[in-house]
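# Structural description and commentary
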Number of protein chains: 2
Amino acid sequence: MDSSICQCETAFSTIDSSIYLCGIVTIDLELRDDPEPHESLLDHCKKTIQHSVKTGHPMFLNQLYQGMDPYGLAGQFVSDSLNTNLHTFEAAPVFVLMEQEVVRKVCSLIGWPAGDGLMGAGGSMLNMFGINLARHKYFPDLKKTGMHGGPRLVLLTSAESHYSMTKGAGFLGIGTDNVIKVKCDERGQMLPEELDKAIEDAKSQGSVPFCVNATSGTTVTGGYDPLGAIADVCQKHRLWLHVDAAWGGSVLTSRKHRGLMAGVERADSLLWNPHKMLSLPLQCSVFVTREQGLLKAAHASGATYLFQKDKISYDASYDVGDKSIQCGRKTDPMKFWLSWKAHGTRGFEQHVDYVFELAQYLYDKLISRKDFKMVLPGPNCTNVCFWYIPPSLQGMPEGPEFTKKLDQVAPVIKDRMTKNGNMMVQYQPLDGVPNFFRLVLANTETTRQDLDFFVEEIERLGADL
Amino acid sequence: MDSSICQCETAFSTIDSSIYLCGIVTIDLELRDDPEPHESLLDHCKKTIQHSVKTGHPMFLNQLYQGMDPYGLAGQFVSDSLNTNLHTFEAAPVFVLMEQEVVRKVCSLIGWPAGDGLMGAGGSMLNMFGINLARHKYFPDLKKTGMHGGPRLVLLTSAESHYSMTKGAGFLGIGTDNVIKVKCDERGQMLPEELDKAIEDAKSQGSVPFCVNATSGTTVTGGYDPLGAIADVCQKHRLWLHVDAAWGGSVLTSRKHRGLMAGVERADSLLWNPHKMLSLPLQCSVFVTREQGLLKAAHASGATYLFQKDKISYDASYDVGDKSIQCGRKTDPMKFWLSWKAHGTRGFEQHVDYVFELAQYLYDKLISRKDFKMVLPGPNCTNVCFWYIPPSLQGMPEGPEFTKKLDQVAPVIKDRMTKNGNMMVQYQPLDGVPNFFRLVLANTETTRQDLDFFVEEIERLGADL
């Protein structure tokens, strides 16, 4: 691996389809009528690697996907080389069975005796599956009739939940206005009593709540919604409980941390992205539900050209494609399956425990320094959210002027670190507070020494601000 | 490559998560707490390869994806090794620009001076993008309000179109009942006058047509809807025209065959899967639209944690992720881009022309034999649809008894060929006609000699029927 995260950080513009780096064309992007020779193709590949971001670098702390599990990559290379498709058993016999085993094992981690599920193209799409299953469970006719004559369905989710809930509501015809954002506590965790109140309010206004989304590991603050208390509210109102565990679901493998998801066995559906904390290659997303047959009922269209019922060699129930809204579906189970074989659940646990310890280490270090201020009390999941207070702002009284200046600090430091190319971390505003850094830990290669360097480097980059 | 397509064809059952092949456990699928040693992992990989279907085999004629472009696979390996995500420029600078170039070039093949677009997880999802763009174009408020209080929107598509239209209508809250299937001619091509009539009928019943889907290369029969005449109807009624060119879109690269899509420049959006006829690795799906900005308007949710507006290093319009309903999105542009660089548009053209010639060769051969009967007059696209008439049915008068017996022929022959493992082709019923074989040609390695063998082998496998 290159020692820098990316060599494409310096200012550039795109002109005539070519990437200009410091004014010099480095990759000729234009597609043409005539072929190019192998030498030129190889050069394109080298430059692509050079100018791409190295997400496996131990100082790439920018996104929830980090690192790279080598077994996962090997599994992906094997299945991608076979280039088949997870729609029918005849096209993908081994991968259909691997997916079943992955689903079985995930259900068992959750604590379900049985369940149904599948893998798909990322968490946003699979969160939509959760919403659609809830809709189909309570209003099965809407699949046929459409929503135009139906009730005003509303979906409840926390104010800190992932944007795919709103996006999904827009796409599914439910409407973004019909996503009710429930208040959270100071750690970004949904307040069950606020959920209950919001459901009552919605009902009193003539809306029809049908689904609650709880988050295990919110994107920015790492909050774990209290699943047990939320399940109580869902039970009281008879609502579908979907759990978006895209980021935080990996704690299910850890005896030490799985308590963060206590009550998860009461969920109706759950989405988990092992391509996040477990460093599986993108994309590795698993959706599971306790309700047998509902995925097929909600999504199937029964195309006779693909899902023939008169197959002789095998039971057509192994033709799993109709559970999805995708027709072609990548053979993602192999990478996760091979990685699980290689590490065992205990290996996953060890990794999760390690990155949690790193997060605590960083939090403890930052809280002891006067030039850092924490956004939340304690690390949440492996998210550490903080402001760097540069010398000019230290001692300044908090107020609009302070907030305005602080808001500009993170973008400048981010720009400088990106240009240096030695580390990468994300910043964002939230709920009216100024821009802060959110550092997440997921890479097993990241060490305490790396985090020591990180803190010093932030101070160095912001010393003149 | 193995000489057989798959060694997993003999009867098996799954017991205790293991694949049994002729009663012998061949892959131990169970995931456990403890890790397994490298030797065992390697053995799993070998067996997975052994028992998987070889879709690159020249006699794999079963699905629309066939063969394997080596440049595409190389591009995929490079981009997958970098393991980044096509949501922001900071995470995927090169791939964002490659995607722009792919989109630009596809728009130019269509004949649009400019356009917008993206790659995504398969044709079904991207067909839904076409439907959603149409909805957002004419009813932008529905994204916010949902469809519950809105009009009864109806979508028109041909009776032979892909099932993703119906599936999409169900998922998007439009309702499967609100997909109007328009009659086709004997070649599976939508009749524009029937479309016009269906629109008038829908309006007279108080429904609101908003989108017409035309297909370039229907899944089973390979029909190309007449885009010019359909565009006239759409223009008359002011409807969005989406073209599902998943299968047939590759003719855009061929000067000889692009006439099949005459009028395509009048479409509003189009979906093309180069992972089908061009043998790019799964998945390689491109969606384009003439309407600038509509993808973002229809799909964006503007998450501040990801799409920060105060980035310093670059223009935030390069953060393309919000155009999609996915958050994480695979870096698919590289495989297509590298393959295009390697072959040039002329190389793609040569391939398309070759597989079209093969289809004609097979059609001419079959029509000259008394034991084969064609479903359609002439090959359509590279689809060749036929019945094999076994000795016992030859000379039998057509009628219910003949139809019933003929319906059982294809499943038996398919079962036998699958167990032999030397070739694979799909069968299905359609519009009340009995099961027939649909052979499609897309692999540049398939030869006339292979097709000669195919015909003889069908006769051998069905000789006793």
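Residues numbered from 1 in each chain as written. Chains lettered and ligands numbered in written order. Predicted model: local features only at pLDDT ≥ 70, side-chain atom pairs only at ≥ 80, totals over all residues. Heavy atoms only, no water.

An unreviewed UniProt entry lists chain A under the name Acidic amino acid decarboxylase GADL1-like, with Branchiostoma floridae given as the organism. In its Cofactor (unreviewed entry) section, the UniProt record describing chain A reads: "pyridoxal 5'-phosphate". (UniProt positions renumbered as here; feature names shortened; annotations may be inferred.)

## Things to note about the overall build of chain A
Check the secondary structure of chain A and you find 12 helices and 15 strands. Radius of gyration (C-alpha) of chain A: 24 Å, near the 23 Å computed for a compact globule of 465 residues. Counting only C-alpha atoms and orienting by the principal axes, one finds that chain A spans roughly 70 × 65 × 45 Å. Burial analysis of chain A (465 residues in total) assigns 66% to the buried set. Relative to all contacts within chain A whose residues are 6 or more apart in sequence, the contacts with residues 24 or more apart total 70%. On chain A, roughly 15100 Å² of surface is accessible, and the fraction owed to carbon and sulfur atoms is 53%. Counting 46 positive and 54 negative side-chain charges, chain A places the averaged centre of each group 4 Å from the other. (Helix = DSSP H or I, 4+ residues; strand = E, 2+ residues; numbered from the N terminus. Rg over C-alpha atoms; globule rule 2.2 N^0.38 Å. Buried < 20%, exposed > 50% of the residue type's maximum accessible area, 1.4 Å probe, protein only. Contact = heavy atoms within 4.5 Å. Areas by Shrake-Rupley, 256 points an atom, 1.4 Å probe, with all protein chains shown as cover. Lys, Arg positive; Asp, Glu negative; His and termini not counted. Charge placed at Lys NZ, Arg CZ, Asp CG, Glu CD.)

## Some thoughts on the environment of Glu90 of chain A
Residue position: Glu90 of chain A is located in the loop between helix H2 (70–82) and helix H3 (93–110). In this structure the C-alpha to C-alpha distance between Glu90 of chain A and Tyr318 of chain A, which are 228 residues apart in sequence, comes to 8.9 Å. Within the structure, the side chain of Glu90 of chain A is placed 2.8 Å from the side chain of Asn62 of chain B, a separation counted as a polar contact. A polar side-chain atom of Glu90 of chain A sits 2.7 Å from a polar atom in the side chain of Lys414 of chain B. (Polar contact = N/O pair within 3.5 Å; in protein donor to acceptor, adjacent residues only side chain to side chain.)

## Some words on the relation of the copies chain A and chain B
For these two chains of identical sequence, chain A goes onto chain B by a turn of 180° and a shift of 0.0 Å along the axis, with RMSD 0.0 Å. Taken together, the rotation and translation describe the operation of a two-fold axis. Most of the interface of chain A is mirrored in chain B, where 100% of its interface residues are also at the interface. (Least-squares fit on C-alpha atoms with pLDDT ≥ 70 in both.)

## Here's the deal with the pairing of strand S15 (residues 433–440) of chain B
Residue and element names in this part refer to chain B. The element S15 is largely enclosed, with a buried count of seven among its eight residues. Strand direction decides the pairing type here: strand S13 (residues 383–388) and S15, joined by four bridges, are antiparallel. In the sheet register, Phe386 faces S15, and the bridge partner there is Phe437. The pairing of strand S14 (residues 424–430) with S15 spans four bridges and is classified as antiparallel. (Pairing = 2+ DSSP bridges.)

## Let's talk about the interface of chain A and chain B
Each partner contributes residues to the interface: chain A has 138 residues there, and chain B has 138 residues. The contact between chain A and chain B buries some 11400 Å² in all, and 58% of this surface belongs to carbon and sulfur atoms. A per-residue breakdown of the area chain A buries against chain B is headed by Leu31, Phe171 and Lys341 of chain A, which together make up 8% of the total. Connecting chain A to chain B are 12 salt bridges. A salt bridge links Asp322 of chain B to Lys167 of chain A; the nearest nitrogen and oxygen atoms lie 2.8 Å apart. At the junction of chain A and chain B, the tally comes to 72 residue pairs in polar contact (both at pLDDT 80 or more). If you tally residues by element for the side of chain A that touches chain B, the top one is helix H10 (residues 333–367) of chain A, at 10 residues. A per-class count over the side of chain A that touches chain B returns 61 nonpolar, 48 polar and 29 charged. (Buried area = accessible area lost by both parts, 1.4 Å probe. Salt bridge = Lys/Arg side-chain N within 4 Å of Asp/Glu carboxyl O. Nonpolar A, V, L, I, M, F, W, Y, C, P; charged D, E, K, R; others polar.)

## Focus: the side chain of His57 of chain B
Residue and element names in this part refer to chain B. One can find His57 in the loop between helix H1 (38–51) and strand S4 (60–61). Residue His57 is classed as buried on the basis of its relative accessible area, which comes to 9%. Polar contacts involving the side chain of His57 include one to the main-chain amide nitrogen of Met59, which spans 3.0 Å.

## Digging into the layout of surface pockets
Roughly 510 Å³ of internal volume is contained in the largest pocket. Lining the largest pocket are 25 residues, with Gly67, Met68, Asp69, Pro70 and Thr444 of chain A sitting closest to its centre. Looking at the lining of the largest pocket, the elements that each hand over two or more residues are H10 of chain A together with helix H2 (70–82) of chain B. It is H10 of chain A that contributes the most residues to the lining of the largest pocket, six residues altogether. Residues belonging to the lining of the largest pocket are distributed by class as follows: nine nonpolar, 12 polar and four charged. (1 Å grid on protein atoms, 1.4 Å probe; cavity = no way out; pocket = protein on both sides within 12 Å on 5 of 7 lines; lining within 4 Å. Points joined across faces, edges and corners; volume = space filled by probe spheres on them.)

## Structural notes on unusual backbone geometry
Residue Gln283 of chain A is reached from Leu282 of chain A by a cis peptide bond, and omega for that bond is -10°. Note on placement: Gln283 of chain A falls in the loop between strand S10 (269–272) and strand S11 (285–289). Of note, the phi angle at Arg238 of chain B is positive, near 55°, even though the residue is not glycine. Along the chain, the position of Arg238 of chain B falls in the loop between helix H8 (227–237) and strand S9 (240–245).

## Brief notes about the UniProt feature "modified residue: N6-(pyridoxal phosphate)lysine" (unreviewed entry) in chain A
Residues and elements named next belong to chain A. Within this numbering scheme, the UniProt entry marks Lys276 as carrying the feature "modified residue: N6-(pyridoxal phosphate)lysine" (unreviewed entry). Looking at Lys276, the relative accessible area reads 14%, which means it is buried. Those residues within four positions of Lys276 in sequence are excluded, and the remaining contacts are Leu64, Tyr65, Gln66, Ala246, Trp247 and Ala442.

## Some remarks on the pairing of S13 of chain B
Residues and elements named next belong to chain B. With respect to burial, S13 is a largely interior element, six of its six residues being buried. With burial as the criterion, each face of S13 is covered, one bearing Asn383, Cys385 and Trp387 and the other bearing Val384, Phe386 and Tyr388. Bridge count between strand S12 (residues 372–374) and S13: three bridges; the pairing is antiparallel. Note that in S13 the partner of Lys373 across the bridge is Trp387.

## Quick notes on the environment of Pro226 of chain B
All names here are of chain B. Within the secondary structure, Pro226 sits in the loop between strand S8 (208–215) and H8. Overall, Pro226 belongs to the partly exposed group, its relative accessible area being 30%. Excluding residues within four positions of it along the chain, Pro226 makes contact with Met190 and Pro192.

## Some details on the side chain of Ser279 of chain A
Residue and element names in this part refer to chain A. Inspection of the secondary structure puts Ser279 in the loop between S10 and S11. For Ser279, a relative accessible area of 5% corresponds to the buried category. In terms of polar contacts, Ser279 uses its side chain to reach the backbone carbonyl oxygen of Gln66, at 2.8 Å. For Ser279, the residues in contact, after removing those within four places along its chain, are Gln66, Gly67, Met68, Asp69, Pro274, His351, Ala442 and Asn443.

## Comments concerning the confidence of the model for chain A
Residue and element names in this part refer to chain A. Per-residue pLDDT for chain A has a mean of 93; in total, 95% of the residues score no lower than 70. Across residues 8–23 the pLDDT falls below 50, and counting only partners more than four positions away or on other chains, this stretch makes 39 contacts in the model. Predicted complex, confidence summary: ipTM 0.95, pTM 0.95. (pLDDT = per-residue confidence, 0-100.)

## Concerning the packing of aromatic side chains
Residue and element names in this part refer to chain A. Summed over all chains, the structure comprises 32 aromatic pairs over all chains. Here the aromatic rings of Phe89 and Tyr318 are separated by 5.4 Å at their centres, their planes lie at 55°, and the arrangement is tilted. Here the residue Phe89 occupies a position in the loop between H2 and H3, and Tyr318 occupies one in the loop between helix H9 (294–299) and H10, the gap between them amounting to 229 residues. Comparing Phe89 with Tyr318 shows no difference in burial state: the two are buried. (Phe/Tyr/Trp six-rings, centres within 6.5 Å; stacked < 30°, edge-to-face > 60°.)

## Digging into the sheet that holds strand S7 (residues 179–182) of chain A
Sheet strands pair by backbone hydrogen bonding; their relative direction is either parallel or antiparallel. All names here are of chain A. Here we have seven strands laid out as an open sheet, ordered S5-S11-S10-S9-S8-S6-S7, and mixed in their pairing. Two strands bound the open sheet, and with one partner strand each, they are strand S5 (116–120) and S7. Between one strand axis and the next, the sheet turns by 20° as a mean value, whatever way the strands run. As paired elements, S10 and S11 share four bridges and run antiparallel to each other. Looking across to S11, one finds that Ser269 is bridged to Thr289. Against the sheet, helix H8 (residues 227–237) contacts strand S8 (208–215) and strand S9 (240–245), and its axis sits at roughly 155° relative to S9. (Axes fitted to C-alpha atoms, helices over the stretch in contact; angles between N-to-C directions.)

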